[in-house]
Amino acid sequence: MAVLQNLGDCYRLLGDHRRARECLERGLGESRERALPYFVTHLLASLAAVDLAEGSVQDALAHAAAAQEAAANDDSPPAAARADLVAGMALQAAGDASAREVLRKAARRHAELGLEADRLECLSVLALALHDAGDLEEALRVVEEVLAGSRDSVVPGVVEPGRTLADAHQVLAAAGDARAAEVAGRAADFLRDRAARIADEELRARYLAAPVSVRLAAVASSVVP
């Protein structure tokens, strides 16, 4: 099941949502047949991420809620934490105020598990949700925590690699904070480095057309040569 989930996630990040769904739905069906709630949770969360990449927010909400329900029937803190993270992402995309509490809970769970990159992704989405709600002051406080935890060894996003940088930049830019330029530079480096690792031109083009890559490119374009 882990292989199918990893394949599905890779296809999603490369912008091939059809193949992503095929892998994830196959894995989900087999996991349900074998009564493997841990994998059911992760596969549903990954399907929610595909929905978000396609802009299908209502489907993402449904898959994320199902992931949380599956996690509630299993004693796996990492799976429950991932379900909450993706649920928070879907709720934020839907403009639902409950996203904030879900993301705070997800951040706490990832902190307890020592999953720093996941925790920072929870916080960056939380900062964006606060920004969307008009609470820029609190959003900046959360971004401060994101920046404090960001290191070269910590991937800026796990479900959506690079998202942490894009979210932090959006809040900093809205506040007129000079650190937005530094984050933009990091976003440009991240996008360039990731794209350079993809030798196949078609796959590289798909990666660069994916939603998070498009956000990163927009952020990178603000960098002054």
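The structure we're discussing is the one just above.
Residue numbers here run from 1 along each chain, matching the order of that chain's written sequence. Where local features are concerned, this predicted model is filtered to residues with pLDDT of at least 70; where side-chain atom pairs are given and counted, the filter is 80 or more; whole-chain, interface and lining totals use all residues. Side-chain figures throughout are based on the complete set of non-hydrogen atoms in the structure, without hydrogens or water.

**Student:** Residue-level account of helix α5 (residues 77-93), with values.
**Tutor:** Over its 17 residues, α5 extends 24 Å from the first C-alpha to the last, a length consistent with the 24 Å expected when each residue adds 1.5 Å. Any residue under 20% of the maximum accessible area for its type is buried, any over 50% is exposed, and the rest in between are partly exposed; the area is computed with a 1.4 Å probe on protein chains only. Labels follow the DSSP assignment, with helices taken as runs of H or I lasting at least four residues and strands as runs of E lasting at least two, numbered in each case from the N terminus. With respect to burial, α5 is a largely interior element, 14 of its 17 residues being buried. Of the residues trailing α5, G95 is marked for its positive phi of about 75°. Given the number of residues in a helix, its expected span is that number minus one, multiplied by 1.5 Å.

**Student:** Report on the packing of helix α4 (residues 57-72) against α5, specifying residues and quantitative values.
**Tutor:** Note on definitions: angles span 0 to 180 degrees between N-to-C directions of axes, and those axes are lines fitted to C-alpha atoms, for helices only across the stretch in contact. Two elements in contact, α4 and α5, have axes whose closest approach is 8 Å; the angle formed by their N-to-C orientations is 155°. The pairing of α4 with α5 is recorded here as roughly antiparallel in orientation. The two elements α4 and α5 cross, and the hand of that crossing is left-handed. Contacts from V57, A60, L61, A64, A67, Q68 and A71 of α4 reach α5 at A79, A80, A83, D84, V86, A87, A90, L91 and A93. Here the contact of α4 with α5 is composed, by residue class, of 14 nonpolar, 1 polar and 1 charged. Reported orientations rely on four angle classes, namely roughly parallel under 35 degrees, roughly antiparallel over 145, roughly perpendicular from 65 to 115, and oblique for the rest. If you view the pair so one helix is near and one far, a crossing is left-handed when the near helix is turned anticlockwise from the far one by less than a right angle, and right-handed when it is turned clockwise. Any two residues whose heavy atoms approach within 4.5 Å at even a single point are treated as in contact. Residues are grouped as follows: Ala, Val, Leu, Ile, Met, Phe, Trp, Tyr, Cys and Pro are nonpolar; Asp, Glu, Lys and Arg are charged; every other residue, Gly included, is polar.

**Student:** Can you tell me about helix α9 (residues 163-174), naming the residues and giving the values?
**Tutor:** If you check α9, its first and last C-alpha atoms are 17 Å apart, about what 12 residues at 1.5 Å a residue would give, namely 16 Å. Burial runs high along α9: 9 of the 12 residues are buried. Buried within α9 we find R163, T164, L165, A166, D167, A168, H169, V171 and L172. Lining the buried residues of α9 we find α5, α7 (116-132), α8 (136-149), α10 (179-196) and α12 (211-220). Within two residues after α9, G176 carries a phi angle of roughly 70°, on the positive side.

**Student:** Outline the side chain of S213, listing residues and values.
**Tutor:** Among the structural elements, S213 can be located in helix α12. Exposure remark for S213: the relative accessible area of 3% places this residue in the buried category. Each residue touching S213, except ones within four places of it in the same chain, is listed here: L191, Y207 and L208.

**Student:** Got a sec to walk through the pattern of salt bridges? Specific residues and values, please.
**Tutor:** For this document, the term salt bridge refers to a Lys or Arg side-chain nitrogen within 4 Å of an Asp or Glu carboxyl oxygen. Tallying each qualifying case throughout the model produces 22 salt bridges. Between R19 and D16 there is a salt bridge, with its nearest N and O atoms 3.6 Å apart. When its relative accessible area of 37% is taken as the criterion, R19 is described as partly exposed. With relative accessibility at 9%, the residue D16 sits in the buried group. For R141, the salt bridge identified is with E137, shortest N-O distance 3.3 Å.

**Student:** Tell me about the side chain of S150, and name the residues and values.
**Tutor:** One can find S150 in the loop between α8 and α9. Polar contacts, as used here, are pairs of N or O atoms within 3.5 Å; protein pairs need one atom able to donate a hydrogen and one able to accept it. Residues neighboring in sequence count only if both atoms are side-chain atoms. Separated by 2.6 Å, the side chain of S150 and the backbone oxygen of V146 make a polar contact. With residues up to four places along the chain from it excluded, the contact list for S150 reads L120 and R186.

**Student:** If you had to explain the environment of D132 to someone new, which residues and values would you point to?
**Tutor:** Relative to the helices and strands, D132 resides in helix α7. A residue is classified by how much of its surface remains accessible, and D132, at 47% relative accessible area, is partly exposed. Along the primary structure D132 and G95 are separated by 37 residues, whereas in three dimensions their C-alpha atoms are 7.8 Å apart.

**Student:** I'd like to hear about the state of the cysteines, residue by residue, with values.
**Tutor:** Defined by distance alone, a disulfide is two cysteine sulfur atoms within 2.5 Å. If you walk through the whole model with that rule in mind, you get 0 disulfides. C10 provides the cysteine sulfur closest to C23, a residue in no disulfide bond, and the two sulfurs are 9.4 Å apart. With relative accessibility at 13%, the residue C23 sits in the buried group.

**Student:** Residues and numbers for the nonpolar core, please.
**Tutor:** By nonpolar core is meant a set of buried Ala, Val, Leu, Ile, Met, Phe, Trp, Tyr and Cys residues that side-chain atoms within 4.5 Å join together. Membership of the largest hydrophobic core comes to 61 residues, with the highest contact counts inside it found for L123 and L216. Among the elements that take part in this core, helix α3 (residues 37-54) stands out by supplying 9 residues, more than any other. Residues within four places of L216 in sequence aside, it is in contact with P161, G162, L165, A166, A187, F190 and L191.

Read these as layout, nothing more, since geometry by itself doesn't imply function.
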